[in-house]
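Observations on the model geometry
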Amino acid sequence: MSAILKSLGFEKHSPYVRDYFDNVNMRKSIYMSSIIIVLEVWMIIRMTRTIFREHLQSNFWHYFEKYYVNYIVLLTTGCIMLFCAIQFLRGKLKCRNVIVITKCVFMVICIVFGIKVSLNDYEKGEQILTFITMELFSLCLLTWRPYAAFLISGVSFLYLYFQMDQMVAVNTMVNIKKMVIANTTDTGVTEATKINFFFMWISTIMVCIANYNGIRIQALKAGNLQEINTYLSKLSVEDDLTGIHNMFYFRNEAEKLLNYVTTDKENIVFLFFDIENFKSYNEKYGFHAGNDLLIKIAHMIDDSFKGSLVSRFSDDHFVVLTSYEGSKNTIGQISGEIKKLQKEVHLELKCGAYKPVGDEADVSLACDRARFACNSIKKHYDRTFRMYDKTLEDRFQLKHYIVNNIDTAIENGYIQVYYQPIVLTENSEICGLEALARWQDPNYGLLSPGLFIEILEEYRQIHKLDQCIIESVCRDYRDSVDNNKPFVPVSLNFSRLDFELCDIVGFLCETVEKYKVPKEFIDIEVTESALTDQQEFLPSAIKRLREFGYKVWLDDFGSGYSSLNVLKDYQFDVLKIDMKFLSGFSSNEKTRPILENIVSLSKQLKMLSLTEGVETKEQFDFLASIGCNRAQGYLFSKPVPIEILREKIKKKELKVSDQYSN
Ligand code: C2E
Ligand code: CA
Ligand code: CA
């Protein structure tokens, strides 16, 4: 039912479909009005010529009223229609009412003209072709809603019909004969004319309906396509969660802005925002509340930097390109607003800023630098803002150097293993070594892990380094054994990302096999923070390692905040107590009972205890007295290359335990 009603024109058109109809109508009316203009000019010329040729000038007013008026009115409407249609299509005529009224007036004049001329023709015993032409012209070529076409054509057909009906029916011989015989002036159209009339009317409406529906379907199809296009183009520049712009838009617009000659480059700044502790908020209040908060913050930043480029970078990170002047104040305001939003989770806004120098136009690099400045103040609870400066530039360069050169460094042997001895507290003899990475770089000199581990983790390259260390340690074992030198078990540091980025357990097994290293000679250190990250594959990887016969140590125990849970949920062979416990050993009397309890706890949980960062004899003696099994620290040795370690052993500075060596 509704489909029928729709096809008869009883439906509300979307703005797009309505415009589509207007457009089609205006295009068609250009052809129609042009033809009408040409025809009417021709008719006027023809009429005038006839008047002059046949010397009918004295009757001019009669002709004027009967013909000229019609021609002139139609010609004028044709001109107006043509003008409006052209203006509309050129986009200069925006008012829809003007279009609709012009179209209606044009149609009415055409039909009235058709009726008038046809009645004249009919009077003369000729056919009503002008009416039919005008109906076709204005109702079928132009598009009308079917019910409107029904009404207009109905009225015009009926009017013409009744007018004709009252006239002398001169169009059939039968009638003429009848009239002659009866000597009367009989009126009324014949039966055949009635039927023809009716069919003509029906056909006109049919053509109108077909025309309307054809264009309606085209309009709907085009409308759908248009909607999809609008949606896609919106999607390509909008961040789908927050609704503010995305990075695609930001990069494009920022690039344009940096290249405009009119941009005041001295006064622009890239800002990078990060919401510290957002992760905890998500964990505490759930994903949906987290999303709501992000949307709120996104709009807060967007509104605060009106007229500037603002977009979501990723997760809880946003970038802004704005003028330097006044930006610090705005950042301060946003930071205050965000503090007001927090509930039990302490949310804090961090912002890094980068001012491009000279003609720099690399947007990604600028964002990267602003981000770097922002990251440099993470965990500094008193700082909200940091400008990218020379110190950061040096660190930034090093970071890029590390990420871009890790492969070359491994290939060229710049990654080296330093060993730090682990001793038994009972006799200070070496029972193990910790393998610690060093990067001996031709440009930067000796780089310590503090400078590259975190970066390699951030760029997900850490597994390359750890695989390299595994290989080097196994090679060192083979070399020692082949040359009859002592070797003790080595503990390797595994990053939690190793388990994600590669099959580190598989790689270890293969390498151990390749160099024929007994499994007792390899231990694995996993840091506590790795286990609090709620990853599913890590527990099974630890289990697998232990099943293969490797010992797994819990590194940095006590440095995180869920150590005890970790102890409850996993089984470890050695508990490595974080060196922070030893800091302030002589001044802080609480350290002793804490250490004592941890050592006793490890015994109860059937783990060996090891304390790292032992620097003084006093610390060592205390650890021995409370029954801590092992110790590691500068008191015995700093991490050193294997040759230096061998020398120390040779010089009897260090002694290897017979029980643990090969
Ligand atoms: P970690 O595993 O806790 O290693 C112990 C760190 O403490 C080492 O620093 C070591 O030099 C230092 N240290 C040892 N004894 C003392 C001491 O008595 N006093 C002081 N102040 N420090 C001491 P290093 O070699 O700079 O390593 C830093 C961190 O880098 C390591 O911490 C470890 O988490 C990571 N790391 C080192 N090598 C690797 C590796 O090959 N792979 C992975 N994934 N991480 C590594
Ligand atoms: Ca370690
Ligand atoms: Ca450690």
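Residues numbered from 1 in each chain as written. Chains lettered and ligands numbered in written order. Predicted model: local features only at pLDDT ≥ 70, side-chain atom pairs only at ≥ 80, totals over all residues. Heavy atoms only, no water.

As for its placement among the helices and strands, Ser118 is situated in helix H4 (residues 96–123). With residues up to four places along the chain from it excluded, the contact list for Ser118 reads Ile128, Leu129, Thr130, Phe131 and Leu160. (Helix = DSSP H or I, 4+ residues; strand = E, 2+ residues; numbered from the N terminus. Contact = heavy atoms within 4.5 Å.)

All right, on to helix H21 (residues 591–604) then. When the terminal C-alpha atoms of H21 are compared, their 20 Å separation across 14 residues agrees well with the 20 Å that a helix rising 1.5 Å per residue should span. Among the residues of H21, Thr591, Leu595, Ile598, Val599 and Ser602 are the ones counted as buried. Each buried residue of H21 lies within a common arc of 100° when the element is viewed along its axis, so the set occupies one face. When the buried face of H21 is taken as reference, the exposed residues oriented beyond 90 degrees from it are Asn597 and Gln604. Tucked inside the fold, the buried residues of H21 contact strand E11 (551–557), strand E12 (574–577), strand E13 (608–612) and helix H22 (617–625). The positive-phi residue at the C-terminal boundary of H21 is Lys606, with phi of around 60°. (Expected span 1.5 Å × (residues − 1). Buried < 20%, exposed > 50% of the residue type's maximum accessible area, 1.4 Å probe, protein only. Arc of directions from axis to C-beta.)

Those donors, Glu434 (OE), Asn493 (OD1), Glu525 (OE) and Asp555 (OD), are the protein atoms that reach the calcium ion (ligand 2), and they lie 2.1 to 2.3 Å from it. Taken in chain order, the donor set of the calcium ion (ligand 2) reads E-x58-N-x31-E-x29-D. Glu525 gets classed as buried once you look at its relative accessible area, which sits at 1%. (Donors = N, O, S within 2.8 Å, 3.2 Å for Na, K, Ca; no water.)

As a further point, take the coordination of the calcium ion (ligand 3). Put simply, a metal with four donors set out as a tetrahedron has ideal angles of 109.5 degrees, and one with six donors set out as an octahedron has ideal angles of 90 or 180 degrees. Distances from the calcium ion (ligand 3) to its protein donors, namely Asp555 (OD), Asp556 (OD), Glu612 (OE) and Glu612 (OE), fall within the range 2.2 to 2.6 Å. Within one chain, the residues serving as donors to the calcium ion (ligand 3) are arranged as D-D-x55-E. A spacing of 3.8 Å is found between the calcium ion (ligand 3) and the calcium ion (ligand 2), which share Asp555 as a donor. Pair noted here: Asp556 is in strand E11 and Glu612 is in strand E13, with a separation of 56 residues, a long-range link.

As a further point, take the domain arrangement of the chain. Here the chain is partitioned into domain 1 (2–230), domain 2 (247–388) and domain 3 (399–650). Of note, the centres of domain 1 and domain 3, computed from C-alpha atoms alone, are 95 Å apart. (Domains from an automatic or database assignment.)

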